[in-house]
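# Close look at the chain arrangement
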Amino acid sequence: MARNIPKDPEQNRPKEKARSASPSPFKLDFGGSGIERARLLIGGVLVLFSIFMFFSFFSHLFTGKADQSEIHNSLSSLSETGKRTKNFFGVFGAKLADLIVLRYFGISAFWLVPLTFFTGVQIGFQKALVPLERFTKLAIFAILWGSTFLGFWVFTLHIADNWSDLCGGMGFYFNEYMDSLMGPFTIFVILFALVLFISFFYGTEVLSNLIERLLAPSASDSPNQESDDDISQAKNIRRVRDDLEDTAKSTKNLIKNPDLEFEDDELLLREDNADEESIRPYLPPIVEAKANSNSVPATSAPRKEVSLTIENALADELPETQEEIEEDMPEIESSKDDAGDELVKRFGLYDPTLDLPHYQFPTIALLKDYDMGKAQVSQDELKANSNKIVDTLGHYGIGIADIKATIGPTVTLYEIIPDAGVRISKIKNLEDDISLALAALGIRIIAPIPGKGTIGIEVPNKNREMVPVKMVIGSEKFQKSTADLPIVLGKTISNDIFMTDLAKMPHLLMAGATGQGKSVGLNMILTSLLYKKHPSQLKFVLVDPKKVELTLFNKIERHFLAMLPNAAEAIITDTKKVVNTLNSLCIEMDNRYNLLKDAGCRNLKEYNAKFVNRRLNPDKGHYFMPYIVLVVDELADLMMTAGKEVEQPIARLAQLARAIGIHLVIATQRPSVNVITGTIKANFPARLSFKVTSKIDSRTILDTGGAEQLVGMGDMLLSTGSDIIRLQCAFVDTPEVEDVCEFIGEQSGYDSAYLLPEFEGDSGGGNEKGDFDSKDKDEYFEEAARLIVTHQQGSTSLIQRRLKLGYNRAGRIIDQLEKAGVVGPFEGSKAREVYIKDLDALEKMLRDL
């Protein structure tokens, strides 16, 4: 199975070990590429320069004073006077040592020698003698701290005239400045800096152990020499533990040996000519082997008894219960974690975005600015509507204690508090009367509003406010979101931008009549994810039976789309390929669960966190798993043509795929019970409905009415369990989607789309010739075949009418034609596909049959 799996040599540890174990690690290839030759050249120069520095610095310690008067002269003046420097490397070595040792760092500058040498070896010969990054930090601190520490004593003891090479100019002048501020207290600041470095670089445990060792001599001065006894006891404990491990290994050897057996607490050895020397290799170090010289009865060979006596040294220190033994188990995991931490220290966290390091996220400038106006609801209109609501309810004896209004982009919410004793159901039954009084369509009553002690009446605005995609995508709430799969849908009735996490939904079922904004809603979801996720983190499986809605996303095939191997297009439009793709996703789900099981993780987030921290080995099949979002634009057509073949994998994915990062967004314009079946509906807790034609459809999708009262054009209801939220979907136009996809598609992408596992479906409904039995064919079989091929229409009714046969017999003939390979399988309301295109080919096939 091909995948866009990042090739990370840093995680491939076994291969690196194999290379490092080769007998000749330094392989000089002067015929390599230009980059290799440049690396070799740079590395060689650094190695030679480190040697040059060492001898220059070392020679300076003995010749530095003698060379002071000469190094400031130019080369021409030296040649004229005939004088020479005494440094081992001449004037250049003297000048370099004078600058770095005398004027800057003192003898601490010698740390530059191994640092330059190790760097040159790693660059030129690809050989890491030490962890270079860690050693660099250590060397830099040692140079600075060593110069400062030695400078304190040189300055304090006033020995700069003879010992200035110890600290260099930097260490001396720093201490001179600190002395003017803090005096002798400067040494404590210097030592405190050392303590901080040890704590951060080596850890607090090393620091505490160091302090204990420094204080250990004072504790050992007691007359009883308790610490010596403790040390001796600790050694004995370690020795006994080692012996027990050897005992366990030896016992395994005894059990595996076919000539050995146990009998009544004694180890009996059956072997020809057995003696103590042959027995000894099988005995652990703390077992006393005592051979019994008495003869033992045997059938064919003499048998010797060897009794085992186990020494119980320091028994109180050894674990006796299962709980005590299990206390050491976390040490194994911690050792694995330590290995991962070491890899992280050397190479850093694994970054999946480095697959496409130059990828740029779409910019807000790609989206349009619309001349939108606020929802024009005047104070007079608000007051008039409030009075009409109060008067209408008053006509039926319902008093109102308080009323307030909240203006939204599409509707205005009037919250009323009825008088005490008023039944809520009485207000809900007056929905049509309030609509008549306000002369408005789409009145919706929320009784009561969840979380509030009020009743809500939603009244559509006469002048609606459009919510552009640029406003919601560019909002701070969306830009700063840390959700796994953030999607921004639009605005609430209180004008707040509504955003949610698809990963927590975890699947979304959408419905809406034609032209009510369903396709715009799908584009809004996809656009939100494109603006927040990197191609290495997210893949789409797009199913578009209508063949025109999702074609805009063809340009991002090599970045965000997933498809079956050998598929012609990434966006699936053929029903047969949809079935294969859904089953392929089920295979992908099972494969991912197997990897999660091996990694000891419960969900995709934990698994990827382990992989990023380099605790999973790619050689064992582990890889960074992207989220996969399956988008189906029209479920009704799939259910009509494939039925159970589509329903079963969708239901299985909806039940199980959440934990491994596969999420479904299913849309349909006909939310009837034969499309949104109980099996599908039960596994989609999040449902989104645009305007539908009837209350029955609203109850099918939302389990409650209200969607039939929406006003269209992106007005929608989102159900996330018990709560239903009314939203105005943001508007994203087709040119905007094209610009975003083109911006992504023009960038460098993967070699191909993300490849799903291969799935081999059925052979097309049994149309293999091997399934056809010529003995059982109907007498009208050949005539019906010629009729079908002539008209190129695989229809049962055509056979029934032309051959004047009954429906059952015509149905049997069409089934025989399918088995013979003349026509294709049943495709619902569509006519069957005719495989034979002309009569000549048919006659040849009939002869072969």
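Coordinates for the structure precede this section.
Residues numbered from 1 in each chain as written. Predicted model: local features only at pLDDT ≥ 70, side-chain atom pairs only at ≥ 80, totals over all residues. Heavy atoms only, no water.

## Comments concerning the overall build of the protein
- Summing up its helical and strand segments, the protein has 31 helices and 19 strands in all.
- Taken over 849 residues, the protein has a buried fraction of 44%.
- Sequence-distant contacts in the protein: of pairs separated by 6 or more residues, those separated by 24 or more amount to 68%.
- Only carbon and sulfur atoms are counted for the fraction: they give 54% of the accessible area of the protein, which is about 45900 Å². (Helix = DSSP H or I, 4+ residues; strand = E, 2+ residues; numbered from the N terminus. Buried < 20%, exposed > 50% of the residue type's maximum accessible area, 1.4 Å probe, protein only. Contact = heavy atoms within 4.5 Å. Areas by Shrake-Rupley, 256 points an atom, 1.4 Å probe, with all protein chains shown as cover.)

## A short note on the pattern of salt bridges
- Scanning the model with the defined rule gives 26 salt bridges in all.
- Notably, a salt bridge pairs D703 with K681, separated by 2.6 Å at the nearest N-O pair. Taken together, the residues D703 in the loop between α26 (695-702) and β17 (715-719) and K681 in helix α25 (residues 678-682) connect sequence positions 22 residues apart.
- E782 is the partner of K777 in a salt bridge, and the nearest nitrogen-oxygen pair spans 3.3 Å.
- The class of E782 is partly exposed, set by a relative accessible area of 28%.
- Taken together, the shared-partner salt bridges connect R444, E458, D715 and R726 into one network. (Salt bridge = Lys/Arg side-chain N within 4 Å of Asp/Glu carboxyl O.)

## Describing the sheet that holds strand β5 (residues 400-407)
- One open sheet accounts for 4 strands, arranged β5-β6-β8-β7; its pairing is antiparallel. The two strands at the open ends of the sheet, each matched to only one other strand, are β5 and β7 (444-446). Here the average twist between neighbouring strands, direction ignored, is 20°.
- Summarising the sheet, strand β6 (residues 411-418) and strand β8 (residues 455-460) pair through 6 bridges and their orientation is antiparallel. Pairing of L413 across the sheet is with E458, part of β8.
- Lying on the sheet, helix α14 (residues 379-395) is in contact with β5, β6 and β8; it crosses β6 at an angle near 45°. (Pairing = 2+ DSSP bridges. Axes fitted to C-alpha atoms, helices over the stretch in contact; angles between N-to-C directions.)

## Description of helix α5 (residues 112-125)
- Taking 1.5 Å of rise per residue, the 14 residues of α5 would be expected to cover 20 Å, and the 19 Å separating its terminal C-alpha atoms lies within 8% of that figure.
- Just downstream of α5, Q126 is the residue with a positive phi angle, here 55°. (Expected span 1.5 Å × (residues − 1).)

## Re helix α4 (residues 90-105)
- Between the first and last C-alpha of α4 there are 21 Å, a value that for 16 residues agrees with the 22 Å anticipated at 1.5 Å per step.
- Of all the bends found along α4, the most pronounced is centred on D98 and spans about 30°.
- Listed as buried for α4 are V91, G93, A94, L96, A97, D98, I100, V101 and L102.
- G106 sits one or two positions beyond α4 and adopts a positive phi of about 70°. (Bend = angle between axes of the 7 residues up to and from the residue.)

## A word on the environment of T500
- Relative to the elements of secondary structure, T500 occurs in strand β10 (residues 497-501).
- With 16 residues separating them along the chain, T500 and D484 place their C-alpha atoms 9.9 Å apart.
- Discounting chain neighbours no more than four positions away, the residues touching T500 are L485, P486, I487 and M505.

## A look at the nonpolar core
- Counting 115 residues, the largest nonpolar core has L508, F540 and F553 as its most contacted members.
- By residue number, the principal contributor to this core is helix α21 (residues 575-599), which donates 9 residues.
- Contacts of F540, omitting those with residues within four sequence positions, involve L526, L529, L530, F560, L561, A562 and V629.
- Core analysis: the next-biggest nonpolar cluster, separate from the first, contains 22 residues, V789, L798, V822 and V823 among them. (Core = buried A, V, L, I, M, F, W, Y, C linked by side-chain atoms within 4.5 Å.)

## Some details on the sheet that holds strand β11 (residues 508-511)
- The strand order across the open sheet built from 9 strands is β10-β9-β18-β17-β16-β11-β15-β14-β12, with neighbouring strands paired in mixed fashion. A single partner strand is all that each edge strand has here, and the edge strands are β10 and β12 (538-543). Mean inter-strand twist for the sheet, computed between neighbouring axes without regard to direction, equals 30°.
- Relative to strand β15 (residues 662-668), strand β14 (residues 627-632) runs parallel, the two being bridged by 5 bridges. In the sheet register, L630 faces β15, and the bridge partner there is L664.

## Some points on a nonpolar patch on the surface
- A grouping of L48, I51, F54, F55, F58, L61, F62, F88, F89 and I107 is seen on the molecular surface, where their side chains present a nonpolar patch of about 960 Å² in accessible area.
- Examined against the element boundaries, I107 turns out to sit in the loop between α4 and α5. (Patch = residues over 30% accessible without salt bridge, like charges linked within 9 Å, V, L, I, M, F, W, Y side chains within 5 Å.)

## Things to note about the pairing of strand β9 (residues 486-492)
- Across the 7 residues of β9, 7 count as buried, placing the element largely inside the fold.
- Taken together, the 5 bridges between β9 and β10 define a ladder with antiparallel strand orientation. Its bridge partner lying in β10, P486 is registered against D501.
- In this antiparallel pair of consecutive strands, β9 and β10, the connection spans 4 residues, and N495 shows a positive phi of 70°.
- In terms of strand pairing, β9 meets strand β18 (residues 724-729) through 3 bridges, oriented antiparallel. Its bridge partner lying in β18, G490 is registered against C729.

## Regarding the packing of α4 against helix α7 (residues 160-182)
- Closest axis-to-axis distance for the α4/α7 pair is 3 Å, and the angle between their directions is 75°. By the criterion of interaxial angle, the relationship of α4 to α7 is roughly perpendicular. Contacts between α4 and α7 involve V101, L102, R103, Y104 and F105 from the first element and S164, D165, L166, C167, G168, G169, M170 and G171 from the second.
- Grouping the amino acids of the contact of α4 with α7 by side-chain chemistry returns 7 nonpolar, 4 polar and 2 charged. (Parallel < 35°, antiparallel > 145°, perpendicular 65-115°, else oblique. Nonpolar A, V, L, I, M, F, W, Y, C, P; charged D, E, K, R; others polar.)

## Some thoughts on the pairing of β12
- Within β12, 6 of the 6 residues are buried, leaving the element largely enclosed by the surrounding structure.
- Neither face of β12 is left uncovered, since the one carrying L538, F540 and L542 and the one carrying K539, V541 and V543 both have all their residues buried.
- In the sheet, β12 pairs with β14 via 6 bridges, with the strands oriented parallel. Counterpart to V541 in the pairing with β14 is L630.

## Structural notes on the packing of helix α6 (residues 132-156) against helix α8 (residues 186-202)
- Where α6 meets α8, the closest approach of the two axes is 10 Å, and the angle between their N-to-C directions is 165°. When the interaxial angle is binned, α6 and α8 end up roughly antiparallel. The crossing of α6 and α8 is left-handed. Here R134, K137, L138, F141, W145, T148, F149, F152 and W153 of α6 lie close against α8, whose contacting residues are T186, I187, I190, L191, A193, L194, F197, F201 and Y202. (Left-handed = near helix turned anticlockwise from the far one by under 90°.)

## Quick notes on the side chain of N87
- Examined against the element boundaries, N87 turns out to sit in the loop between α3 (75-81) and α4.
- You can call N87 buried: its relative accessible area is 5%.
- Only 3.2 Å separates the side chain of N87 from the backbone oxygen of S56, close enough to count as a polar contact.
- A distance of 3.0 Å separates a polar side-chain atom of N87 from the backbone nitrogen of F89.
- Not counting chain neighbours up to four residues away, the residues in contact with N87 comprise S56, S59, H60, T63, D67, G93 and A94. (Polar contact = N/O pair within 3.5 Å; in protein donor to acceptor, adjacent residues only side chain to side chain.)

## Focus on the packing of aromatic side chains
- Enumeration over the complete set of coordinates arrives at 27 aromatic pairs.
- On the numbers, 4.9 Å between centres and 10° between planes, the contact of W145 with F149 is stacked. Of this pair, W145 and F149 both sit in helix α6, separated by 4 residues, roughly a single helical turn.
- Of the residues examined, W145 reaches a relative accessible area of 17% and is grouped as buried.
- With a relative accessible area of 24%, F149 lands in the partly exposed category.
- Ring centres 5.3 Å apart and planes at 35° place the aromatic pair F185 and F188 in the tilted group.
- Taken together, the ring pairs connect F49, F52, F54, F55, F57, F58, F62, F88, F89 and F110 into an aromatic cluster.
- Its guanidinium or amino end placed over the ring of F478, K532 lies 5.6 Å from that ring's centre, counting from NZ or CZ. (Phe/Tyr/Trp six-rings, centres within 6.5 Å; stacked < 30°, edge-to-face > 60°. Lys NZ or Arg CZ within 6 Å of the ring centre and 35° of its normal.)

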